[in-house]
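This is what each chain is made of:
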Amino acid sequence: MQCECATTTVEVERLIGTGQLQTRLNAETATPGAGREVIDVLIEQADITIDSIQPQTDAVVVDGELFCQAVYRQGENTAARAVTAQTRFSEVVELEGVTPQSIVKAQGVVEEVTAGYENGRMRFEMSITIRVQAHQLTPIDVITEISGVDGVQTRFIQVNSCKLAAESNQAVVVSEEVALPAQLDARVALMDWATARVTSTAPDLGGVKVQGEICSQTLIGTGVSSRPLAMVKVVMPFEQLVEMPEWLANDVTAEASVRRLDAGISPGEDDEGAVLRIEGEANIYVRSDHEDAATALEDAYATGDAQLDVERENINFAVGKQLIDCSEQFRGTLMLSEDAPGVGVVLATRANPVISQWTSENGITTVEGFLDIKSLYLPSGSEQVTSVRGEMPFSVRCNADWPEDAWVNVTAMGCEAAALMSDRLEIRLTLVITGFYRLTSGATLATKVEAGEAKAGKSGIVIYWPNDGDDSWTVARRYRLPLSKAPENIKPGTPVVLSV
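The shown structure was predicted, so the numbers you read here are calculated from the model rather than taken from an experiment.

1. A short note on the sheet that holds strand S6 (residues 121-147)
Spatially, S1-S6-S5 is the arrangement adopted by the 3 strands of the open sheet, whose pairing is antiparallel. Edge strands, defined here as strands with exactly one partner in the open sheet, are strand S1 (4-30) and strand S5 (103-118). Pairwise comparison of adjacent strand axes, ignoring direction, gives a mean angle of 5° for this sheet. As paired strands, S5 and S6 are joined by 15 bridges and run antiparallel to one another. Looking across to S6, one finds that Thr114 is bridged to Glu125.

2. Examining the pairing of strand S2 (residues 39-56)
By the bridge criterion, 16 bridges tie S2 to strand S3 (residues 59-74) in an arrangement that is antiparallel. Across the sheet, the residue bridging to Ile53 is Val62, located in S3.

3. Quick notes on the pattern of salt bridges
Counted according to the given criterion, the structure contains 31 salt bridges. Glu28 serves as the salt-bridge partner of Arg123, at 2.4 Å between the closest nitrogen and oxygen. Residue Arg123 is located in strand S6, and its partner Glu28 is located in strand S1; the two are separated by 95 residues in the primary sequence. Overall, the relative accessible area of 29% leaves Arg123 in the partly exposed class. Close ionic contact of Asp185 with Arg187 constitutes a salt bridge, the shortest N to O distance being 2.9 Å. Overall, the relative accessible area of 30% leaves Asp185 in the partly exposed class.

4. Focus: the packing of aromatic side chains
For the coordinates displayed, the defined rule picks out 3 aromatic pairs. Judged by centre distance (5.1 Å) and plane angle (65°), the ring pair of Tyr301 and Trp473 falls under edge-to-face. Here Trp473 lies in helix H1 (residues 472-478) and Tyr301 lies in strand S12 (residues 275-302), a separation of 172 residues in the sequence. With relative accessibility at 4%, the residue Tyr301 sits in the buried group. Accessibility expressed as a relative area gives 5% for Trp473, which makes it buried.

Here is what the cut-offs are and how they apply
- Residues numbered from 1 in each chain as written.
- Predicted model: local features only at pLDDT ≥ 70, side-chain atom pairs only at ≥ 80, totals over all residues.
- Heavy atoms only, no water.
- Pairing = 2+ DSSP bridges.
- Helix = DSSP H or I, 4+ residues; strand = E, 2+ residues; numbered from the N terminus.
- Axes fitted to C-alpha atoms, helices over the stretch in contact; angles between N-to-C directions.
- Salt bridge = Lys/Arg side-chain N within 4 Å of Asp/Glu carboxyl O.
- Buried < 20%, exposed > 50% of the residue type's maximum accessible area, 1.4 Å probe, protein only.
- Phe/Tyr/Trp six-rings, centres within 6.5 Å; stacked < 30°, edge-to-face > 60°.

Here is the structure:
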């Protein structure tokens, strides 16, 4: 007796794994006009940009660039100056199971940056972490029908597999001009940084319309002795159509990251103030998911002359995604060192958050990490800018249990500092946690069915005591009964009478 099975193919997106690499990188640049005078670095920062991600066999090559900035004071001169430097990197993150066909994403985080002057050059040293995650699309043949065997009893279940259908990147450029007050006497843009976020996505003609904003902060030098530095915050909205087939434009996830930010000061005319001109470029990444669905055979047996041998396999399906979007207000105290001059006026503060770990329990995920704080201030009775820096731990509670492979980002928004006393600052900001993770569901499916000759059994009346997990199907299968004759409302410990 020949058993025939009809099949259909379902693609399953499977997690290969997550890999991480920590490394230190260096960059340097000439310091204009520097000689034997003391160079005092006031504040520095570095931004990381990933340009390409190349999956190979058991490894992922990540190429990118670090853009470094430093604001410094030279000698007895109270005016602040600035330099920038760039360095490229190409790092290999080992991850077993990756192939050139794998679906890979990567993120880079600058955990620490220091700058120092030596022999006419400003030297930057950065500690960075690169994280990669890889998935693989695996085709699976599921059985949808059995024929050729008399008395076949079958049980089917609906399976759904959410997978990557398309992805696209699009650059968007935004610009803004901000008129500054004449009394500020703005003279030069010294340092800038920005974050980008997506506020909405919607299907549109030819693709997906993505809306969001670039939130920039620019540190400017002024001609006002009582406030030689000032921070200007600008929000630049964007709207961009990312091309994608229209039938894939519904179930999408979009992310935005800043690739470039340029700021400059144009002097005002007559009694008018200067103009701050900002241009920013963001990369928008859009991922579209598609769902494969099928009615698949879970189990089968025969009541006639044939015996079915069924091989079954537990398959884990990605059935959707859950977006992460939570925020929490942070407030903490940053102490100055004992030999630091007392705080008079706080000029600018920068906070760089780094996630250390997260733990999930009872429907709550706690994200822990530290804030790298750098603040510029004028000491009481002085016109010489001084800096203070330190690390402050943070903890953010978010609803839902996150899996270990959740893809998570953290940003610090609206960072402000105020002098509580001359030896301490109060730091206030909003920590925003974003990302997503896959929702998964396991199913045990029949992957192979073969028919053989059944052994002759005894007939009569059987009293069966059901076990935990027994139902009409398991009892009928045990005694090869047609499902129409299977007992209903089976309860463990309550005997059922069967005619076999």
